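Here are the chains, one letter per residue:
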Amino acid sequence: MLFDLSSRLAERRAADLHRQRPLLESPQGPLVRVDGEALLAFCSNDYLGLANHPQVIQAMADGARRWGVGGGASHLVIGHSTPHHELELALAEFCGRPRALLFSTGYMANLAAVTALVGQGDTVLQDRLNHASLLDAGLLSGARFARYLHNDADSLAARLGKASGNTLVVTDGVFSMDGDLADLPALCAAARAHGAWVMVDDAHGFGTLGATGGGIVEQFGLSLEDVPVLVGTLGKAFGTGGAFVAGSEELIETLIQFARPYIYTTSQSPALACATLASLRLLREEGWRREHLRVLIERFREGAQRIGLPLMDSPTPIQPLLVGSSGRALRLAQYLRQRGILVGAIRPPTVPQGTARLRVTLSAAHEEAQVERMLEALADGWAALGDDGDD
Ligand SMILES: *Cc1c(COP(=O)(O)O)cnc(C)c1O
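Remember, predicted model here, so these are calculated numbers, not experimental data. (Residues numbered from 1 in each chain as written. Predicted model: local features only at pLDDT ≥ 70, side-chain atom pairs only at ≥ 80, totals over all residues. Heavy atoms only, no water.)

So, the sheet that holds strand β13 (residues 356-361)
Note on sheets: strands pair through backbone hydrogen bonds, and any given pair is parallel or antiparallel. Rules: Any two strands between which DSSP finds at least two bridges are classified as paired. By the criteria applied, helices consist of DSSP H or I runs no shorter than four residues and strands consist of E runs no shorter than two, each listed in order from the N terminus. A fitted line through C-alpha atoms represents every axis, and for helices the fit uses only the stretch in contact; the resulting angles, taken between N-to-C directions, go from 0 to 180 degrees. Here, two residues are considered to be in contact whenever any of their heavy atoms come within 4.5 Å of each other.
One open sheet holds the three strands; their spatial order is β10-β13-β12, and the pairing between them is antiparallel. Two strands in the sheet have a free side with no partner beyond their single neighbour: β10 (318-324) and β12 (344-346). Strand after strand, the sheet turns through a mean of 30 degrees between neighbouring axes, direction not considered. Judged from the six bridges that link them, β10 and β13 form a sheet pairing that is antiparallel. Bridge pairing in β13 links Q319 to V360. Strands in contact with helix α14 (residues 326-338) are β10, β12 and β13; relative to β13, the strand with the most contacts, it is inclined by about 35 degrees.

Digging into the site of the ligand
Filter applied, for reference: Being near a molecule or strand, for a residue, means having at least one of its heavy atoms within 4 Å of it. N or O atoms within 3.5 Å of each other form a polar contact, as long as, within protein, one can give a hydrogen and the other can take it, and as long as residues adjacent in sequence are counted only when both atoms are side-chain atoms. Calculation of accessible area relied on Shrake-Rupley with a 1.4 Å probe; when residues are assessed, cover is drawn exclusively from the protein chains displayed. In the scheme used here, Gly and all other residues not listed as nonpolar or charged are polar, with Ala, Val, Leu, Ile, Met, Phe, Trp, Tyr, Cys and Pro taken as nonpolar and Asp, Glu, Lys and Arg as charged.
The immediate surroundings of the ligand are formed by 13 residues, with G106, Y107, D201, H204 and K236 found nearest. At a separation of 2.7 Å, an oxygen atom of the ligand approaches a polar backbone atom of G106. At 3.0 Å from an oxygen atom of the ligand is found a main-chain nitrogen or oxygen belonging to Y107. Here the ligand loses 81% of its free accessible area of 380 Å² to cover by the protein chains. When residues in the shell around the ligand are grouped by element, the largest group, three residues, is from helix α5 (residues 106-117). Of the residues that constitute the shell around the ligand, the class distribution is two nonpolar, eight polar and three charged.

A word on α14
Condition: The span one expects for a helix is its residue count, reduced by one, times 1.5 Å.
Over its 13 residues, α14 extends 18 Å from the first C-alpha to the last, a length consistent with the 18 Å expected when each residue adds 1.5 Å. Of the residues one or two after α14, G340 is the one with positive phi, at around 85 degrees.

Quick look at unusual backbone geometry
Geometrically, the link from P348 to P349 is a cis peptide bond, its omega value of 5 degrees lying close to zero. Notably, D35 is not glycine yet its phi reads approximately 45 degrees, a positive angle. Relative to the elements of secondary structure, D35 occurs in the loop between β1 (31-34) and β2 (37-41).

A closer look at the UniProt feature "modified residue: N6-(pyridoxal phosphate)lysine" (unreviewed entry) in the protein
Heads up, the condition is: UniProt positions are given in the numbering used here, feature names are shortened, and annotations may be inferred rather than shown by experiment.
The feature "modified residue: N6-(pyridoxal phosphate)lysine" (unreviewed entry), as given by UniProt, occupies K236 in the numbering adopted here. When neighbours within four sequence positions are excluded, K236 is seen to be in contact with N45, D46, Y47, A203 and H204.

Comments concerning the sheet that holds strand β11 (residues 341-342)
The strand order across the open sheet formed by three strands is β1-β2-β11, and the pairing between neighbours is mixed. Looking at which strands have only one partner, the edges of the open sheet turn out to be β1 and β11. Note: β1 against β2, four bridges, orientation antiparallel. Within β2, the position partnered with R33 by the bridge is A38.

Topic: the packing of helix α7 (residues 153-160) against helix α8 (residues 184-193)
What counts here: Angles are sorted into four bins: roughly parallel if under 35 degrees, roughly antiparallel if over 145, roughly perpendicular if 65 to 115, and oblique for all others. Crossing handedness is read from the near helix: turned anticlockwise from the far helix by less than a right angle, it gives a left-handed crossing, and turned clockwise, a right-handed one.
Orientation of α7 relative to α8, taken along the N-to-C sense of each, is 15 degrees, at an axis distance of 9 Å. On the basis of the axis angle, α7 is roughly parallel to α8. Crossing of α7 against α8: the hand is right-handed. Mapping the contact onto sequence places A153, L156 and L160 in α7 and A186, L187, A190 and A191 in α8. Residue classes in the contact of α7 with α8 are distributed as seven nonpolar, no polar and no charged.

In structure tokens, the structure reads:
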């Protein structure tokens with residue numbers, strides 16, 4: 001039968017892979033209301049607690065009053081307004097790069113950058129755990145596409161040896177489902193030795209890593225030559241929405257001329273750009289947010305180790321607990337929810353088979369006592385889960 005959607009959906013349910021959208025009935029924050037229940041949440045990417053910050057809200061409201069709500073058209077027609085332009089200048093300055101280009105989502109920024117830089121006859125090499133948007137971008141580009149072993153510069157070098165044409169090496173900065181950092185010094189050295197360019201998608205590093213929140217390139221002290229293409233998203237630590245690519249004058253001009261996901265879409269709301277200008281200021285000026293987050297991460301890892309939870313090798317606010325089967329991940333998440341705690345169960349195909357996990361994320365908006373409360377519930381939930389077989 002054609003379009004047998006009901007069988008597809010039934011199979012997904014049977015495999016514990018069915019997805020549900022929790023209905024959020026409150027703003028982002030540690031304490032949320034979901035499907036009628038008050039819960040303590042550890043699953044948002046609002047790492048610095050800026051999504052519901054009064055100054056960011058005020059900037060958006062003022063921006064809407066001054067500039068209206070709609071972007072109105074694409075950037076190349078009449079959608080590129082003063083707040084967009086000011087935000088691009090501020091983001092370029094923040095990244096210490098000549099220029100930055102604003103996008104409506106990180107997904108589109110990744111499609112745009114990869115497809116504008118490589119095509120037929122070229123090569124794109126990606127970490128096998130890269131974000132779905134990067135993998136999709138690689139396929140869409142039409143370039144020869146290969147994946148290298150996770151964070152493995154030798155595996156990358158072997159594939160670089162067989163690459164032809166313009167070669168783009170693409171990696172997450174912080175891996176979104178594992179929380180570990182790309183080994184950029186080694187990856188960049190391998191790429192450079194082969195004349196390849198490196199593109200880093202630092203969706204989770206901006207705002208959380210580096211002395212001033214400049215992300216993984218700041219943390220490792222990497223230059224424009226090391227990482228010619230740098231992507232950041234604005235819906236996570238920035239607490240607003242959208243994304244940017246930062247790089248050389250020529251890179252940005254190339255994207256404006258050739259990147260279809262840039263050219264053929266309406267610009268984001270100018271009011272949102274106003275909000276991001278405010279959140280960028282907070283992100284830079286309020287270093288205490290990163291410091292508090294660091295304390296919470298340490299607190300969580302110490303506590304989890306004490307209980308014997310399966311921590312992963314992550315120094316970031318993404319602290320997944322590797323549970324194994326989808327059924328076990330769902331049961332642990334369900335148990336936590338009964339205790340008033342919301343954590344997402346991440347299952348294939350988002351992560352490889354057999355590596356389902358609870359993706360705990362911490363935010364500067366959390367209090368230490370809230371982390372303790374989660375750890376207590378986790379200890380009980382983990383014990384109750386026991387060794388109940390790998391279904
Ligand atoms: C969230 C995310 C994206 C997508 O960004 P959006 O702005 O949400 O579309 C891209 N890359 C990585 C690594 C991400 O985690």
